[in-house]
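Understanding the architecture of this molecule
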Amino acid sequence: MTQRNGISGTSDRFLHSEASVVCEDADGKSMEQERPPEVNDCESEEGGRGGEREGSVAVTGPVTAPDGGWGWVVLVATIMVLALTLAFPSCVGIFYTDLQNEFHASNSETSWVPSIMTSVLHAGGPFCSVLVGRLGCRATVMLGGVLSGLGMAASSFTQSIGELYITAGVITGLGFCFSFQPAVTILGHYFVRRRAFANAMSSTGTALGLCTLPVLGHYLHGEFGWRGSFLILGAVLLNCCVCGAVMRPLQPNRGRGQPLMNHGPSPPEEEDAKEGKGWVGRTWSFLVASLSEHMAFDQFCNNSRYCVYAIGITWMMLGFVVPLVYLVPYATANNMEQGRAAMLLSILGVVNIVVRPPFGIIFNMPWFKGRHVYVFASALLVNGLSNSICCIGPSFTVLLTYVAVYGLSMSVVGSLMFTVLMDIVEMSRFPSALGLLAIMESITLLIGPPLAGVLVDRTGQYYHVFFACSAVVASSAVFLMVSFWWLDKRDKKWSKPCQPASQPEPARSAINIVPGCQYSSVPTEGDKDKASSNGAECIASV
């Protein structure tokens, strides 16, 4: 059974990939004009605003995703941004004991620092979407670099654990959000055919951060203490500004066809209606429009696959990042040198760097098209079960085995997380879908480490944390497997009577839902091969 999602007038700032335009001819019959997957009919971020300054109609046109060229520079910049943002909260464990001694805080109180940082990183998604719509991806990434750098620099002057919550948690976390999400979004616009490979390669940034930041943090800790380390790390985070500077938006190919969207002044009737609402009505309308644009509630209610995926990922995040926060404290509490404990995180990063590029090439093969979510869930199950290895003992050999297994499974999870999301929602709705998913994740990311800290304070043992994380992550993997298997079985059952091979026209008639032009997903080569075996071509794969 196919599902279609319209595009609101305000969401056209984002580049639409794999799109086709459905219009009506002079006789009122629907026509479908297909374009190659790498051609997107939309306005670019800078091109659209430039058109508004030049005239009443935005400059629009087909935008070609290069799938290479300057896209490789954007890919490298995205890798660096992910290394400096997503991996950073896990490295706070290096300074865990110092923060406890400095502020006389318990495990639960200290764990709020990386917890708030990670939670705000995800919860700021809607604000980030607004900034991307106003400023574009490039300026938003640079703004995030400035915020995160200032937040860490201010953290070095804090005098209480509460001040650290605000500086390192809220300000730095919000800067991470403003850098991370636009980088992922613009990468999806630069790559269409090689999107799975590009996402897998960009996810190596997290591994690169896990490999280098613990070593750098350990060195700075020994030389300058935790305050000097935070100040220097703040300067390092300013490199996000350099990465954002190279993320130039795609420019439309001018001179082909008429503009698809008119951004000129509203008709007089609409202006009169707005004035009649009053400031309360206008404020309410603005809030509703903003929520609809930047948080994909329509996807959550109408797209069952996105709903299941969002619930599964939200539950997964309750225990997915907690082992990274408590691995170093667990090792040092059992008389392991801090240098060797920090080396475990570096080894974890090396494993990810080595295996993610080959996984990206493998998962880009046609056979994996439509099976990404099952590979993702299987790796997630292995990742959850691997946490129980830590409970065998705190020796370096056992923890090294744990890091190897955890790193391999984490590589698959990280490589496919955004790819699966792009498979189940249209690219035009990806920023808002990512924003809502980030909001949901932030809740469990916020409470996960503090709950683990309470568990350690009450039991006095760290291995209970790894047991709990194993159960949470493994259960989320089973939920995703069973749910998507049931959805696939249901869709196959419903699609057989709805799309007979001998009557393709009724399936086409479902396209013309509203008058005018609409966008819909166009299946890639792997989808078309699959559809041809069933005797019908699918219009949308969600």
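Position labels on residues start from 1 in each chain and follow its written sequence. In keeping with the model being predicted, local features are shown solely for residues with a pLDDT of at least 70 and side-chain atom pairs are shown and tallied solely at 80 or more, while totals for entire chains, interfaces and linings include all residues. By convention in this description, side-chain values take in all heavy atoms of the structure and omit both hydrogens and water.

1. Some details on the overall build of the protein chain
Numbered from the N terminus, helices here are DSSP runs of H or I no shorter than four residues, and strands are runs of E no shorter than two. A count of helical and extended segments in the protein chain gives 21 helices and five strands. Each residue's exposure class comes from its accessible area (1.4 Å probe, protein chains only) as a fraction of the maximum for that residue type: buried when under 20%, exposed when over 50%, partly exposed otherwise. Counting only residues that meet the buried cut, the protein chain has 55% of its 542 residues in that class. Working rule for contacts: check all heavy atoms of both residues, and any pair within 4.5 Å makes them a contact. In the protein chain, the share of contacts with a sequence separation of at least 24, taken over all contacts with a separation of at least 6, comes to 83%. For the protein chain, the exposed surface amounts to about 22,600 Å²; the carbon and sulfur share of it is 64%. Computed with the Shrake-Rupley method and a 1.4 Å probe, the accessible areas treat only the protein chains shown as cover for residues.

2. Focus: the side chain of Thr314
By the element assignment, Thr314 lies in helix H13 (residues 304-320). If we skip the residues at most four places from it in the chain, Thr314 touches Met440, Glu441 and Thr444.

3. Quick notes on the packing of H13 against helix H17 (residues 396-424)
A packed helix pair is summarised by two numbers, namely the angle formed by the two axes and the spacing between the axes. Every axis in this analysis is a line fitted to C-alpha atoms, fitted for helices over the stretch in contact. Angles between the N-to-C directions lie between 0 and 180 degrees. At a minimum axis separation of 12 Å, H13 and H17 run at an interaxial angle of 150°. Of the possible angle classes, the one that applies to H13 and H17 is roughly antiparallel. The interaxial crossing formed by H13 with H17 has left-handed handedness. In this structure, H13 contributes Arg305, Tyr306, Tyr309, Met316, Met317 and Phe320 to the contact, and H17 contributes Tyr406, Met410, Val413, Met417, Val420, Leu421 and Ile424. Charged means Asp, Glu, Lys or Arg here, nonpolar means Ala, Val, Leu, Ile, Met, Phe, Trp, Tyr, Cys or Pro, and polar covers whatever is left, Gly included. Of the residues that constitute the contact of H13 with H17, the class distribution is twelve nonpolar, no polar and one charged. An angle counts as roughly parallel when it lies under 35 degrees, as roughly antiparallel when it exceeds 145, as roughly perpendicular when it falls between 65 and 115, and as oblique in every other case. Two helices crossing with the near one rotated counterclockwise from the far one by less than a right angle form a left-handed crossing, whereas a clockwise rotation gives a right-handed crossing.

4. Section: unusual backbone geometry
For His104, which is not a glycine, the phi torsion comes out positive at approximately 55°. Non-glycine residue Asn335 carries a positive phi angle of around 70°. Considering the arrangement of structural elements, one finds Asn335 in the loop between helix H14 (322-333) and helix H15 (338-363).

5. A look at the nonpolar core
Generally speaking, nonpolar side chains in soluble globular proteins are found buried as a group. If you look at the biggest cluster of nonpolar residues, it comprises 102 residues, and the most contacted ones within it are Tyr309, Phe320, Tyr326, Phe376, Leu380 and Leu421. Ranked by residues supplied to this core, first place goes to H17 with 16 residues. In this document the domain limits rely on a domain assignment from an automatic tool or a database. The two domains that each donate at least three residues to this core are domain 1 (66-249) and domain 2 (296-493). The contacts of Tyr326, once residues within four sequence positions are left out, are Tyr96, Asn107, Ser111, Pro449, Ala452, Gly453, Val456, Tyr462, Val465 and Phe466. Residues belong to a common nonpolar core when they are buried Ala, Val, Leu, Ile, Met, Phe, Trp, Tyr or Cys residues joined through side-chain atoms within 4.5 Å.

6. Quick word on the confidence of the model for the protein chain
Scored by pLDDT, the protein chain comes out at a mean of 74, with 73% of its residues at no less than 70. Per residue, pLDDT measures the predictor's confidence, with a range of 0 to 100. Taken element by element, the predicted model of the protein chain shows its lowest mean pLDDT in strand S5 (residues 518-521) (36) and its highest in helix H6 (residues 137-155) (93). Scored below 50 in pLDDT, residues 1-61 shows 176 contacts in the model against residues more than four places distant or in partner chains. Predicted confidence is poor over residues 499-542, with pLDDT under 50, and the contacts of this stretch with residues over four places away or in other chains come to 79 contacts.

7. Describing the pattern of salt bridges
The working definition used for a salt bridge is a side-chain nitrogen of Lys or Arg within 4 Å of a carboxyl oxygen of Asp or Glu. This model, assessed by the stated rule, comprises four salt bridges. In this structure, the salt-bridge partner of Arg227 is Glu102, at a minimum N-O distance of 3.2 Å. Here Glu102 lies in helix H3 (residues 96-103) and Arg227 lies in helix H9 (residues 204-237), a separation of 125 residues in the sequence. Taking the relative accessible area as the measure of exposure, Arg227 reaches 23% and is therefore partly exposed. A residue is classified by how much of its surface remains accessible, and Glu102, at 39% relative accessible area, is partly exposed. Taking the shortest distance from any N to any O, the salt bridge between Asp491 and Arg305 comes out at 2.7 Å. One end of the pair, Asp491, is in helix H19 (residues 463-498); the other, Arg305, is in helix H13, and 186 residues separate them in sequence. No difference in accessibility class separates Asp491 from Arg305, as the two residues are buried. Put simply, Arg305, Asp488, Arg490 and Asp491 are held in one network by salt bridges that share partners.

8. Examining the packing of aromatic side chains
Stacked, edge-to-face and tilted are the three classes for Phe, Tyr and Trp ring pairs, Trp counted by its six-membered ring, which pair at centre distances within 6.5 Å; planes under 30 degrees apart are stacked, over 60 edge-to-face, the rest tilted. Going through the model one piece at a time under the given rule, you end up with 14 aromatic pairs. Ring geometry for Phe103 and Trp226: centres 5.7 Å apart, planes at 70°, overall edge-to-face. Here the residue Phe103 occupies a position in helix H3, and Trp226 occupies one in helix H9, the gap between them amounting to 123 residues. Like Phe103, the residue Trp226 is buried in the burial classification. Joined through ring pairs, the aromatic side chains of Tyr96, Phe320, Tyr326, Tyr330, Tyr402, Tyr406, Tyr462 and Phe466 make up one cluster. In this scheme, the term charge over a ring applies when either NZ of a lysine or CZ of an arginine sits within 6 Å of the ring centre and within 35 degrees of the ring normal. Lying over the aromatic face of Trp70, Arg248 brings its terminal NZ or CZ to 4.1 Å of the ring centre. Taking NZ or CZ as reference, Arg340 lies 4.2 Å from the ring centre of Phe396, over its face.

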